[in-house]
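Spelled out from the first residue to the last, the chains are:
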Amino acid sequence: MKILVPVKQVGVLDEDFELRDDGRDVDPDYLEHELNEWDDYAWEEALRLREEYGDDVEIIPLTVGPEEAEDGLRKCLAKGGERGIRVWDSAMEDSDPMAISRVIASVAEREQVDMVFAGTLASDHGFAQTGVSVAGRLGWPQAAVVSNLEYQPGASTAQLRRELEGGLEEVMTIQCPAVLTIQLGINEPRYASLRGIKQAKAKPIEELSHTDLGLSDDQVGVAGSASRVRRMYVPEKGQAELIEGTSAEQAQRIAEIIKQMQGEA
Amino acid sequence: MSAIMMAHSDHSINELLDQARINQDPYRAAALHPWLDGSQRAICEKIIFAHRRQPRLFAQASYTPVSLLQRLAREKDQITLNKLVKNTATPTKVLKQLLQGDDDRQRQDAVAAHPNASAALLDSIEDQESSVRREAICYNQNTGLMQMYRLLERASLHECKGMAQNPHADSTLLRQLWTAFGDQYLRAEIASHSNCPTELLSAALNSESTLLRRKAAGNANLSDSQLVDLLTDSNAQVRVASLRRLEHATLSLIDDPARRVRREMARKSVLDSQLIKNLADDEDHWVRRWVARNSVAPESVLRKLAKDEQTEVRRGVARNSSTPVDLIIELASDAESWVRAAVAIRSDLDEEIIQQLHDDESVDVLAGLGRNPASPQALLAHIAVHPDRDVRRSVALNPRASSEVLERLLEDPYPINRATLCRHPALGEDELWQLTDDAQEQVRFSAVQQLCSRGAS
Amino acid sequence: MAEILVIAEQRRGDLIAASLECIAAAVELKQQGDRSVAVCILAPSPQDYVEQLSAAGVDEIITIEAAQAEFQSDEFSATLLSLIEQRRPELVLTAHSIDAWGYAPALAIQGGFGYASDVFAIRYENNELIATRAGYAEKVHVEVDFPGRTTVLLTVRGNTFKPVEANGSPQLSSFETKAISARSTHEEYIEPESGGEVDITQAEYMLSIGRGISEEDNVEEFAELAESMEFTLGCSRPIADNGWLPKYRQVGQSGKTVSNCSVYLALGISGSVQHMAGMKHVPNIIAVNTDPEASIFNIARYGVVADIFDIAEELRNHFE
């Protein structure tokens, strides 16, 4: 019984930054990377299953990204799990989530996993598409925005809750294997202990290229993507309109704005 | 400080520095910076400046130590300097240092608007030709009187409004501002100024403008009799403003049609017993709410309000320091958790009431007990492992929490809880050392900072 | 003539507002060139929505009677795939809704469509489709295109396009849902908890207070102001930590997200990452703070550099 958890190091951009020379991304000097928050919850959900059901459950974090992305895997492994997988090579530069999903699905097949837990979305680009794309590739059922899970590893179905708009939730039964995209708040991710962080440094991380997975060059990178970035730009900043004057004048203006907005509604 | 202590703290600092170096950790390095001598600082700075983004982050952070801000002021990177000059934590001396030999106009403008810029510094960057500069200096509370006189000659209405709020404005300047434009808003600011000349104050008090009378009523120099006179003003806003400055409420306003006036009366520390009884019966729940919180409310009134239909009124009684114990016990089993939570944060709780609230399911009640110095350690130990992260944090905010209880929060999954923990004086030294190696940068920073300042004291 | 197909959605019998916005986007594109707009609705009784979907500019409405009472991703993917393969639209639009998150990417994979999510601008340049979305937590905008794709599926960000007000008279047609064996089953809905408490996630107007307030009585004063303005009171973490306001009023990371808020008056809130996580999406943020460099001003529509107590005192006089 294996659970695959694809995780991503998201790029956190500085307040002041510059674009790359080709104008299609930002200058990486201005990016700091951290593990996507949603993925932390997905990994925690896998960890809990492993703790509850023991060694028969193998949980594997996977990342698709360059060497720096290994940090994300180590962060997961510091909390549990025995090994990780990182897939990358230069042909995979500029892959969109659709191309990434092909890589993840290939790893899922190669590892013959039984479930995939992905984060609902990532905080950098907010695609909300990778997990469900993996299901599309594997031909598995999927459920997005899972906020509660009752699942016994190996069982043919799982019961879950999906968080919908406005706080409404849907209770659903799903056939397994399946891809679930995990929502924040489904659990409380643990804190990696010092011991765990040290142990994680020694855990093996398998490094694969797209050819190792039997993928051709045109199945990854821009060629394997469903969209291509033409250009990136900094939007005209919606600078706050400054309300000036004495506090009496400022308050009067605030009151006018509020009353006008309430009138429009 | 004894020699042994000194040795110990030096030893610690060296060890922390080694840690920062081995991990190339800018956060530990920044926290250590003020405690080091020149050569050691160089080591820290090397770590901090290894990446372009790091100095920029420290330049805008509110927590950055002054020694590091000083070092950042010598940077060449324009973005770092721009951030530094806009950081409200940047002290005068660093601003001054930053301006030396720097002729960047935008940074000078930023200094002109900076709350820590001294009068002398503002004086040195005066530029009558720049409207941005002029405006910033006119609105800066530190601007000195002489500079304001210089600016006055060409000041716009907007700039005059800024000067009218400046505490250093004297009566002569305020007189000139008063006649400068004849603007009501500007005059209203002058009327509330503590240096407002008597004749202008009385002009404001007798003005047709509600705004002027209201602002004048808020002037700290009004005598009680002047304030009492204003209580008969036809405008409720003026009555409220004058009432606010008085210690006592007055019977004449007992039936004031404006509920805001009655609300204000309900807050007074000198209240006639008949008046307070009337207010406690007021149809406006805010009037009752303020009475319930008023420490001069007699027991009979509190007993009555403890049964009020409004949750917030009952909560007010539970927050009142004059409420008798038996009433507190009653409120501790109120149907509304928000009332029980008000009991839970009282510092005068006895064991019996704590026991009563012990098993409450409300997060507000538990968080209240968690930060209550009267709570027993066994209860805190229990709350420290509650599933809700905000409830757990309450224990780290409890000044009486023991080091044993605090240890339970050491591996709390929520970083803010661990960062809060670092600042607790009872947290053991070994535990602080452990947190210097935390996965979260703010936690490491706080832990190192605490260790250093403990070593120094 | 090239077709733009809009996939409309309903939940529990109500058409979602964002579907009407997608129609508006499609009609706008139609005006740019020789294109037709078709709208499909897959629902248990699809004819119920025809009137609402009949916006001016829509040429055809395709009703598809769903076999499943509630959204089911297998039925959506299979049915829409066969509809798209039959009609071969060049562009398919659907709302960036949670149900769309649950099927649209898989549909794009199965159909080999071009795909981009959460787009807020769509245009043709030399007959080439270009969509704009945001990146790096909204700090940049990204233009994407779809080389070599004959059909492109886009999920459209809400509150971006204004629904078409005028009615039209589109043709009606119907389409058969695909018989599938659903691999997931809807069991029930769980309503959001309200428990008699104020639910700030539902509030439209909010007044929120932060660290700038240092006494409990001040909290009471702001509560009084909020009430007189008919605003719902919220707070940042330090206020709730002091026990001055209940936890359910806390906005942000460990508190709540004010999903339905349209006006947010932030008094003395500097704008920590945690707090902004719960409110940065609000369209009309009015921020009052003494520090002109406070982060909250970066996301505010109106900025007021002032003392919150002065402003509150003055505001009281406008809402009595």
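Calculation rules
Residues numbered from 1 in each chain as written. Chains lettered and ligands numbered in written order. Predicted model: local features only at pLDDT ≥ 70, side-chain atom pairs only at ≥ 80, totals over all residues. Heavy atoms only, no water. Domains from an automatic or database assignment. Pairing = 2+ DSSP bridges. Helix = DSSP H or I, 4+ residues; strand = E, 2+ residues; numbered from the N terminus. Axes fitted to C-alpha atoms, helices over the stretch in contact; angles between N-to-C directions. Expected span 1.5 Å × (residues − 1). Buried < 20%, exposed > 50% of the residue type's maximum accessible area, 1.4 Å probe, protein only. Contact = heavy atoms within 4.5 Å. Buried area = accessible area lost by both parts, 1.4 Å probe. Salt bridge = Lys/Arg side-chain N within 4 Å of Asp/Glu carboxyl O. Polar contact = N/O pair within 3.5 Å; in protein donor to acceptor, adjacent residues only side chain to side chain.

Entries for chain C in the domain assignment read domain 1 (2–175) and domain 2 (200–319). For domain 1 of chain C versus domain 2 of chain C, the separation of C-alpha centres amounts to 37 Å.

Let's shift gears to the sheet that holds strand 13 (residues 184–190) of chain C. Taking strand neighbours across the sheet as the criterion, the 10 strands line up as 11(A)-5(A)-4(A)-1(A)-6(A)-10(A)-7(A)-8(A)-9(A)-13(C) in an open arrangement whose pairing is mixed. The open sheet has two edge strands with one neighbour each: strand 11 (205–208) of chain A together with strand 13 of chain C. For this sheet the average axis-to-axis angle between neighbouring strands, irrespective of direction, equals 35 degrees. Summarising the sheet, strand 5 (residues 84–87) of chain A and strand 11 of chain A pair through four bridges and their orientation is parallel. Considered in strand 11 of chain A, the bridge of A:Gly84 is made with A:Ile205.

Two residues of an α-helix separated by three or four positions point the same way, owing to the 3.6 residues in each turn. All names here are of chain A. Between its first and last C-alpha atoms helix 1 (residues 37–53) spans 25 Å; for 17 residues at 1.5 Å apiece the expected length is 24 Å, and the two agree. The set of residues buried in helix 1 consists of Trp38, Asp39, Asp40, Tyr41, Ala42, Trp43, Glu44, Glu45, Ala46, Leu47 and Leu49. Taken from the residues just after helix 1, Gly54 is the one with a positive phi, measuring 80 degrees.

Before going further, it helps to spend a moment on the interface of chain A and chain C. Opposite the 78 residues of chain A that make contact, chain C presents 77 residues. In total, chain A and chain C occlude about 6400 Å² of area from one another, counting both sides; carbon and sulfur atoms represent 58% of this. Three residues, A:Leu168, A:Arg230 and A:Met261, lead the burial of chain A against chain C; their summed loss comes to 10% of the area buried on that side. Scanning the region where chain A abuts chain C turns up seven salt bridges. When the shortest N-O distance is used, the salt bridge between C:Glu143 and A:Arg231 registers 3.2 Å. At the boundary of chain A with chain C, the tally comes to 32 residue pairs in polar contact (both at pLDDT 80 or more). Of all the elements, helix 6 (residues 247–264) of chain A adds the most residues to the side of chain A that touches chain C, at 13 residues.

So, about helix 18 (residues 236–245) of chain B. Residues and elements named next belong to chain B. Across the 10 residues that make up helix 18, a large majority, eight, are buried. Listed in full, the buried residues belonging to helix 18 are Ala236, Gln237, Val238, Arg239, Val240, Ala241, Ser242 and Leu243. Contact partners of the buried residues in helix 18: helix 16 (210–217), helix 17 (224–230) and helix 19 (259–265). The backbone nitrogen of Gln237 lies 2.7 Å from a side-chain oxygen of the residue at the head of helix 18, namely Asn235.

All names here are of chain A. Within the structure shown, the criterion is met by 90 salt bridges over all chains. Between Arg253 and Glu241 there is a salt bridge, with its nearest N and O atoms 3.8 Å apart. Of this pair, Arg253 sits in helix 6 while Glu241 sits in strand 13 (residues 241–242), placing them 12 residues apart in sequence. You can call Arg253 partly exposed: its relative accessible area is 29%.

This paragraph deals with the interface of chain B and chain A. Contacts between the two partners involve 29 residues from chain B, matched on the other side by 23 residues from chain A. It is B:Arg52, B:Arg53 and B:Tyr185 that lose the most area in chain B upon contact with chain A, and together they represent 28% of the buried surface on that side. In this assembly, chain B and chain A are joined by six salt bridges. A salt bridge links B:Arg389 to A:Glu188, with the shortest nitrogen-to-oxygen separation between them at 4.0 Å.

Take the sheet that holds strand 8 (residues 121–125) of chain C next. The four strands are arranged 12(A)-10(C)-9(C)-8(C) in an open sheet whose pairing can be described as antiparallel. The outermost strands of the open sheet, each flanked by one partner alone, are strand 12 (228–233) of chain A together with strand 8 of chain C. Taking the axes of each pair of neighbouring strands and ignoring which way they run, one obtains an average angle of 30 degrees across the sheet. Pairing between strand 12 of chain A and strand 10 (residues 140–145) of chain C: five bridges, direction antiparallel. Paired with A:Arg231 across the bridge in strand 10 of chain C is C:Glu143.

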